[in-house]
Amino acid sequence: MHRILGKQILSPNVTRLDVHAPRIARIRQAGQFVIVHLTENAERIPLTIADSNPETGAITLVIQAVGKSTNELVALNPGDFIRDVAGPLGHPTEMIASGHALCIGGGVGTAVVHPIAQGLQHRGVQVTSVIGGRAREWVIFEPELQRYGKVVVCTDDGGYGRKGFVTDAAKEILAAEKVDIVYAVGPVPMMRAVANLTRSLGVRTIVSLNPVMIDGTGMCGGCRVSLGNETKFACVDGPEFDGHQVNFDELQDRLSTYREFELRSTACASGKCRMEAITSSPA
Amino acid sequence: MSARITTKQRMQITRQAMPEQDAAARAANFLEVNLGLPERLALLEADRCLQCKDPRCMNGCPVGVNIPKFLDLLTAGKLAEAAQSLLCDNALPAVTGRVCPQETQCEAVCVRAAKGLPVGVGYLERYVADWAREHRDQLPQVKPEPTGKKVGIVGSGPAGLTAAGELARRGHDVTIYEALHKAGGVLIYGIPEFRLPKKIVAQEVERLQAAGVKIEYNVIIGRTYTIPELQEKFDAIFIANGAGLPVFMNVPGENFKGVYSANEYLTRINLMAAYDFPRSDTPVLNGQRVAVVGGGNVAMDAVRTAKRLGAKEAMIVYRRTHDELPARAEEVHHAEQEGVKFEFLTAPIEVIGNDKRWVTGMKCQKMKLGEPDSSGRRRPEVIPGSEFVLDCDVVVVAIGTKANPLLTATCPDLKLNKWGNIVADENGATSIPGVFAGGDIVRGAATVILAMGDGKKSAQAIDLYLAAVPKPVNLSAAV
Ligand SMILES: Cc1cc2nc3c(=O)[nH]c(=O)nc-3n(C[C@H](O)[C@H](O)[C@H](O)COP(=O)(O)OP(=O)(O)OC[C@H]3O[C@@H](n4cnc5c(N)ncnc54)[C@H](O)[C@@H]3O)c2cc1C
Ligand SMILES: Cc1cc2nc3c(=O)[nH]c(=O)nc-3n(C[C@H](O)[C@H](O)[C@H](O)COP(=O)(O)OP(=O)(O)OC[C@H]3O[C@@H](n4cnc5c(N)ncnc54)[C@H](O)[C@@H]3O)c2cc1C
Ligand code: SF4
Ligand code: SF4
Ligand code: FES
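Residues numbered from 1 in each chain as written. Chains lettered and ligands numbered in written order. Predicted model: local features only at pLDDT ≥ 70, side-chain atom pairs only at ≥ 80, totals over all residues. Heavy atoms only, no water.

Asks: I'm lost on the overall build of chain A in this one. Help?
Replies: From N to C terminus, chain A includes 10 helices and 16 strands. What you see for chain A is a C-alpha radius of gyration of 19 Å, in line with the 19 Å of a compact globule of 283 residues. Along the first, second and third principal axes, the C-alpha atoms of chain A reach 65 × 45 × 40 Å. For chain A, the exposed area adds up to about 11700 Å²; of that, 50% sits on carbon and sulfur atoms. Positive and negative charge centroids in chain A, built from 28 and 29 side chains respectively, lie 2 Å apart. (Helix = DSSP H or I, 4+ residues; strand = E, 2+ residues; numbered from the N terminus. Rg over C-alpha atoms; globule rule 2.2 N^0.38 Å. Areas by Shrake-Rupley, 256 points an atom, 1.4 Å probe, with all protein chains shown as cover. Lys, Arg positive; Asp, Glu negative; His and termini not counted. Charge placed at Lys NZ, Arg CZ, Asp CG, Glu CD.)

Asks: Just to check I follow, could you spell out helix α8 (residues 121-134) of chain B for this structure?
Replies: An α-helix turns once per 3.6 residues; consequently, residues spaced three or four apart project the same way. In a regular helix each residue adds 1.5 Å, so 14 residues correspond to 20 Å; α8(B) covers 20 Å between its end C-alpha atoms and thus fits that length. Of all 14 residues in α8(B), 13 are buried, a share of seventy percent or more. (Expected span 1.5 Å × (residues − 1). Buried < 20%, exposed > 50% of the residue type's maximum accessible area, 1.4 Å probe, protein only.)

Asks: Please explain the pairing of strand β7 (residues 289-293) of chain B as it appears in this structure.
Replies: Where a strand is regular, its side chains alternate between the two sheet faces. Residue and element names in this part refer to chain B. By the criterion of burial, β7 is predominantly enclosed, with four of the five residues buried. With five bridges connecting them, β7 and strand β8 (residues 313-317) associate as parallel partners. Across the sheet, the residue bridging to Val-292 is Ile-316, located in β8. Regarding topology, helix α14 (residues 297-308) serves as the crossover connection from β7 to the parallel β8, and that connection is right-handed. (Pairing = 2+ DSSP bridges. Right-handed = clockwise from strand over helix to strand, strands pointing away.)

Asks: Would you mind going over the site of ligand 1 with me for this structure?
Replies: All names here are of chain A. In the vicinity of ligand 1, 24 residues are found, and the nearest of them are Pro-46, Val-62, Gln-64, Thr-70 and Leu-255. At 3.3 Å, a backbone N or O of Arg-44 approaches a nitrogen atom of ligand 1. The separation between an oxygen atom of ligand 1 and a polar main-chain atom of Gln-64 is 2.7 Å. Here ligand 1, which alone exposes 860 Å², has 88% of that area covered by the protein. Those elements giving two or more residues to the shell around ligand 1 turn out to be β4 (44-53), β5 (58-64) and α2 (68-74). When residues of the shell around ligand 1 are assigned to their parent elements, the largest contribution, five residues, is made by β4. When its residues are assigned to classes, the shell around ligand 1 shows 14 nonpolar, six polar and four charged. (Near = heavy atom within 4 Å. Polar contact = N/O pair within 3.5 Å; in protein donor to acceptor, adjacent residues only side chain to side chain. Nonpolar A, V, L, I, M, F, W, Y, C, P; charged D, E, K, R; others polar.)

Asks: What's the story with empty space enclosed by the protein in this structure? I'm lost.
Replies: The rolling of a water-molecule-sized probe over the atoms marks out the regions of remaining empty space. For the structure shown, the criterion picks out five cavities of 30 Å³ or more. Considering only enclosed or pocket space, the largest cavity measures out at about 190 Å³ in volume. Forming the walls of the largest cavity are 20 residues, and the residues nearest its centre are Val212(A), Gly222(A), Arg254(A), Thr257(A) and Tyr258(A). Among the secondary structure elements, those contributing two or more residues to the lining of the largest cavity are β14 (224-227) and α8 (248-255) of chain A together with β6 (259-261) and α13 (262-270) of chain B. Per-element accounting of the lining of the largest cavity gives the leading share, four residues, to α8(A). When the residues that make up the lining of the largest cavity are grouped by side-chain class, the tally is nine nonpolar, five polar and six charged. (1 Å grid on protein atoms, 1.4 Å probe; cavity = no way out; pocket = protein on both sides within 12 Å on 5 of 7 lines; lining within 4 Å. Points joined across faces, edges and corners; volume = space filled by probe spheres on them.)

Asks: What's the story with the interface of chain B and chain A in this structure? I'm lost.
Replies: For an interface, size is often stated in terms of accessible area lost upon the parts coming together. Listed per partner, the contact involves 46 residues of chain B and 49 residues of chain A. Around 4000 Å² of area is buried between chain B and chain A when both sides are counted, 54% of it from carbon and sulfur atoms. Taken as a group, Arg223(B), Asn255(B) and Asp281(B) account for 19% of the area that chain B buries against chain A, more than any other trio of residues on that side. At the junction of chain B with chain A, the criterion picks out six salt bridges. In this structure, the connection of chain B to chain A is made through 22 residue pairs in polar contact (both at pLDDT 80 or more). Elements supplying a minimum of two residues to the side of chain B that touches chain A: β5 (245-246), β6 and α13 of chain B. Looking at which element gives the most residues to the side of chain B that touches chain A, the answer is α13(B), with four residues. (Contact = heavy atoms within 4.5 Å. Buried area = accessible area lost by both parts, 1.4 Å probe. Salt bridge = Lys/Arg side-chain N within 4 Å of Asp/Glu carboxyl O.)

Asks: What is the right way to look at the sheet that holds β8(B) in this model?
Replies: Two orientations exist for strands paired in a sheet by backbone hydrogen bonds: parallel and antiparallel. Residues and elements named next belong to chain B. The five strands are arranged β6-β14-β7-β8-β9 in an open sheet whose pairing can be described as parallel. Of all strands in the sheet, those bounded by a partner on one side alone are β6 and β9 (341-343). Adjacent strand axes in the sheet meet at a mean angle of 25° when their direction is disregarded. Contacting β6 and β14 (394-397), α13 runs over the sheet at an angle of about 85° to β6. (Axes fitted to C-alpha atoms, helices over the stretch in contact; angles between N-to-C directions.)

Asks: Would you mind showing me how to read the site of ligand 4 here?
Replies: Residue and element names in this part refer to chain B. Cys-49, Leu-50, Cys-52, Pro-55, Cys-57, Pro-68, Cys-110, Val-111 and Val-119 make up every residue found near ligand 4. The cavity that encloses ligand 4 is the second largest cavity. Within the shell around ligand 4, the residues separate by chemical class into nine nonpolar, no polar and no charged. (Sits in = over half its atoms within 2 Å of the grid points.)

Asks: What should I look at first to understand helix α9 (residues 158-169) of chain B in this one?
Replies: Residues and elements named next belong to chain B. Under the 1.5 Å per step criterion, the end-to-end length of α9 is 17 Å for 12 residues, consistent within 8% with the ideal 16 Å. Buried residues dominate α9, accounting for 11 of its 12 residues. Looking only at α9, the buried set comprises Pro-158, Ala-159, Gly-160, Leu-161, Thr-162, Ala-163, Ala-164, Gly-165, Glu-166, Leu-167 and Ala-168. Those residues of α9 that are buried are in contact with β1 (150-154), β2 (173-177), α10 (186-189), α11 (198-210), β4 (236-239) and α18 (448-468). Just past α9, the residue Gly-171 takes up positive phi, approximately 90°.

Asks: I would appreciate a short explanation of the packing of aromatic side chains in the present structure.
Replies: For any pair of aromatic rings, the description consists of the separation of the ring centres together with the inter-plane angle of the planes. Evaluation of the coordinates by the stated rule reveals 10 aromatic pairs over all chains. Ring geometry for Tyr260(B) versus Tyr265(B): centroids 5.5 Å apart, planes at 50°, classification tilted. The class for Tyr265(B) is buried, based on a relative accessible area of 1%. Ring-pair connections join several aromatic residues into one group, and the members of that group are Tyr258(A), Phe261(A) and Phe277(B). The cationic tip of Arg134(A) hangs over the ring face of Trp138(A); the distance from NZ or CZ to the ring centre is 3.9 Å. Taking NZ or CZ as reference, Arg308(B) lies 3.8 Å from the ring centre of Phe194(B), over its face. (Phe/Tyr/Trp six-rings, centres within 6.5 Å; stacked < 30°, edge-to-face > 60°. Lys NZ or Arg CZ within 6 Å of the ring centre and 35° of its normal.)

Asks: Looking at this structure, I do not really get the packing of α14(B) against helix α15 (residues 329-337) of chain B. What am I missing?
Replies: Helix packing for two helices is described by the angle between their axes and how far apart those axes are. Residue and element names in this part refer to chain B. Axis separation between α14 and α15 bottoms out at 10 Å; the angle between their running directions is 25°. By the angle between their directions, the pair α14 and α15 is classed as roughly parallel. Taken as a pair, α14 and α15 cross one another with a handedness that is left-handed. Where α14 approaches α15, its residues Asn-297, Met-300 and Arg-304 are matched on the opposing element by Glu-331, Val-332, His-334 and Ala-335. Taken together, the residues of the contact of α14 with α15 break down into three nonpolar, two polar and two charged. (Parallel < 35°, antiparallel > 145°, perpendicular 65-115°, else oblique. Left-handed = near helix turned anticlockwise from the far one by under 90°.)

Okay, structure coming up:
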């Protein structure tokens, strides 16, 4: 059982939870994630470790409420417990040793970019971050990222920072400055756009993929993604990959596999399908 | 052997049939298919054993269960003693009685098989084990003297559980690390409820915990800790992390929506209870026409599960014939009774999908059997021009598993073979002193009883190894 040590609402649908997991807090590295399993009947869902505090034993999870499991998690309060937290999983981020890195975060992806920027700056790499959100209240982790270098904020409505997508700002930076590597984490369309942009420029680009997972240990193969002609298991071979090789269409498509179930699951959580729950169970 | 009954009388008793749920009813539920022999039939069946002086059945059992002994005690009504005898040879008899391929092991060589049917060793093993589960208080509990030696075990499948039991019995301080949130390995995430009720596995795990075995869940060795780190904490280590890396067919269309590995399909349903969606949160696609590729136990479990989830057509697609099916005979028989269809001499070459990338079928080739290959089985050969499309909306790939490299990649000193399996001698000793390994990670995908046999042998070897390790000076911390 893992106690919730702290909670903070970062944006209308993004919540930060600090969760007691001392072993993971001590050894986790940027790019790694945990599998969280709230209760006996819950799903196992992957969440990136956004930060950690080895002294308090806390790991920081930044959660966007998109469906039943994530909504249940963000409803937790300090003092509540999570049944299982497994990790750290996945490979640590591939980091350059010197030079200039452009870190691009879209929405909740910004939280995943945070430990990467932190790690890079720690090694003496120059970090520029480009982060985006729908509007001002959706922009997260801006003050944290400012500790590691310049931060450019983009909002769709231009009400805060510059108007437009993170890719527009990234394009300008890539044109004006020498960039050795790009890290892009966010919605699939955003990562695809960044990869397309940097491919023509020949700048190495790392993306963090979010396929559906169960075990997170390489046992089920449900998280498979295509890189060129090769199949990789994101949980053990990734979750970060060379963005120029990733088949984003397939990833996006596979992410929609359970859409109908997700709608039912959410409807049931709100009590709308009591009848269905009773009638649909196996005889 | 009692003179209560003569050999001639024994020979006259015919093999008792296992009572089972009606095929039509069970194809729509997840309850256990086999109901277990009632007492009267169990005693009759046990009387069929001739109590051979040189019992061949024992040679057929990979762990050498003393079959005539426990059967003799059973017929004498000494159930506690029968159970004790059985448990001494086999740590999980309630499991093996249900899932061992008896027809190729103990029962295959029973003398009674020469003329008629062998003694139902599996059924009787199950009978005695189930009695023992319900009468735990009648079995003697011995509390061993603590040795102060610590053993770490990786994985809670049959190999890990068996080793843990053996080591705890000898007074060692045992901790199991399990990557998932439940113990049992394939017994819990792979083999379905209708063949092995989860309650049985849970009871076995509780029994070990009562005997002092500690289990830490959600710990992935290779990530949370490495083997070198465990070496600092423990006097010896047993690695039993199984062969859990699914093999895919490597054909076009395999990443369409609706294609599962058997591991994923079964894990969603067994470990995550997807059959109970939306009361449990994990979904699974319940196809109307489910094609399962493969012919082993895993394939049979997947196809029978599909049937239970409501598939109108649940099919096995296998490139050889009925006679070469590697699954347990009983599973094939049960699948047939439940209405599973078999497409023999058929090999998929492509998964076909619609414009939304949902599976709609599988392009297959017909095969014929040619000359025997190195394994002695006749090699399937393609019949040119025989392509056809098999309509289906879910495909489950059950063509095998490989060694998962997650652990071994972080322990470079561990010697592996060319398939990535850990190299271990007959006692489970690996290339690292004090580190032992067994089960599927050493053998490749094998069986429950072989994994248990490895767990037992390694535990004995570890016990000897530990006897040579000096006792820790500070025992007070242990109390
Ligand atoms: C390595 C990795 C790291 C991630 N890190 C974060 C993070 O730091 N913060 C965050 O908010 N989200 C993160 N995600 C995504 C997060 O796991 C999903 O949003 C979550 O599982 C959705 O569950 P749900 O029941 O709330 O939504 P659902 O209604 O079930 O699904 C909503 C969406 O989430 C996807 N999804 C559903 N189940 C899973 C699953 N078991 N695994 C992955 N995706 C799933 C669906 O395809 C769908 O697009 C990460 C995913 C991966 C693979
Ligand atoms: C669907 C199915 C049906 C089968 N049916 C039969 C049958 O009828 N009869 C039969 O005899 N055999 C059957 N088998 C085969 C049998 O189950 C296996 O041979 C046996 O379970 C192997 O035991 P094991 O202890 O080596 O490994 P497993 O049972 O695979 O257990 C390994 C355990 O280690 C854990 N683990 C893995 N990696 C790590 C890590 N890095 N750190 C910590 N823990 C880890 C896993 O989560 C798992 O719990 C079947 C297999 C399957 C998949
Ligand atoms: S363990 Fe398996 S092979 Fe051995 S006697 Fe029991 S059922 Fe037969
Ligand atoms: S070989 Fe058959 S008859 Fe003989 S002891 Fe074994 S089970 Fe009994
Ligand atoms: S989540 Fe199962 S293999 Fe990656």
